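# Overview (structure and organization)
Take a look at the letters that make up each chain.
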Amino acid sequence: MGMLYGHKWASSFGTGDDGTWLRVLEGITGQQIADGLERCLSRADNWPPDAIEFRKLCLGLSDFIENQQKINGKESPLRIEKKPTKAELEHGFNQLSVLKNLF
């Protein structure tokens with residue numbers, strides 16, 4: 001996973017397992033782990049899954065997979081198709097400024 005996600009993996013989970021991943025993946029076969037890794041490549045979210053989400057990916061039970069299959073009856077990642085108008089962009093930037101001023 002470190003090779004797949006690089007610094008995102010290390011910053012989220014460190015460089016070693018404290019036994020959590022071993023416990024969560026207990027009973028998962030090598031083929032299922034390979035399937036989970038393959039599913040990681042098709043995720044719209046480019047952050048690494050946590051141990052429980054990865055187990056779901058290995059077993060084909062992930063909410064991401066189910067939602068992905070519902071979109072137009074296809075297995076394609078979520079994406080925004082509509083380009084925002086100038087007015088929508090200005091509104092978004094104004095809202096962002098308001099939020100920044102809160103902190």
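Just above, that's the structure.
These remarks concern the structure in this document. (Residues numbered from 1 in each chain as written. Predicted model: local features only at pLDDT ≥ 70, side-chain atom pairs only at ≥ 80, totals over all residues. Heavy atoms only, no water.)

### Points about the overall build of the chain
Heads up, the condition is: Numbering of helices and strands runs from the N terminus, with a helix taken as a DSSP run of H or I at least four residues long and a strand as a DSSP run of E at least two residues long. The rule is simple: take the accessible area with a 1.4 Å probe, protein chains only, and divide by the maximum for that residue type; under 20% is buried, over 50% is exposed, in between is partly exposed. Computed with a 1.4 Å probe, the accessible areas rest on the Shrake-Rupley method; for each residue, only the protein chains presented here act as cover.
In terms of regular secondary structure, the chain is built from 7 helices and 0 strands. Seen in sequence order, the chain has helices and strands lined up from the N terminus as α-α-α-α-α-α-α. Each of the 103 residues in the chain was classed as buried or not, and the buried ones make up 22%. Of the accessible surface of the chain, which amounts to about 7,900 Å², a share of 57% is contributed by carbon and sulfur atoms.

### Observations regarding the packing of aromatic side chains
Definition in use: Side-chain rings of Phe, Tyr and Trp, where Trp is taken by its six-membered ring, are said to pair if the distance between their centres is within 6.5 Å; with planes under 30 degrees apart they count as stacked, over 60 as edge-to-face, and otherwise as tilted.
Applying the stated criterion across every chain yields a total of 1 aromatic pair. Relative to F54, the ring of W21 lies with its centre 5.9 Å away and its plane at 40 degrees, an arrangement referred to as tilted. Placement of the pair is W21 in helix α3 (residues 20-24) and F54 in helix α5 (residues 51-59), with a sequence separation of 33 residues. Taking the relative accessible area as the measure of exposure, W21 reaches 14% and is therefore buried. A relative accessible area of 3% means that F54 is categorised as buried.

### What about the nonpolar core?
Note the threshold: Residues enter a nonpolar core if they are buried and are Ala, Val, Leu, Ile, Met, Phe, Trp, Tyr or Cys, with the set joined through side-chain atoms within 4.5 Å.
Counting 11 residues, the largest nonpolar core consists of Y5, W9, W21, V24, L25, I28, C40, A51, F54, L57 and C58. Broken down by element, the residue count for this core peaks at 4 residues, all from α5.

### A closer look at a nonpolar patch on the surface
Condition: For patch detection, residues must exceed 30% relative accessible area and be free of salt bridges, and they are connected within 9 Å for like charges or within 5 Å for nonpolar side chains (Val, Leu, Ile, Met, Phe, Trp, Tyr). Counted as salt bridges are all cases of a side-chain nitrogen of Lys or Arg within 4 Å of a carboxyl oxygen of Asp or Glu.
Taken together, L4, L37 and L41 make up a surface patch of nonpolar side chains, about 250 Å² in accessible area. Note that L4 resides in helix α1 (residues 2-5).

### Section: the state of the cysteines
What counts, and what does not: Here, the term disulfide refers to a pair of cysteine sulfur atoms separated by no more than 2.5 Å.
Per the stated rule, a full pass over the model turns up 0 disulfides. The thiol of C40 is not disulfide-bonded; the next cysteine sulfur, from C58, is found 7.6 Å away.

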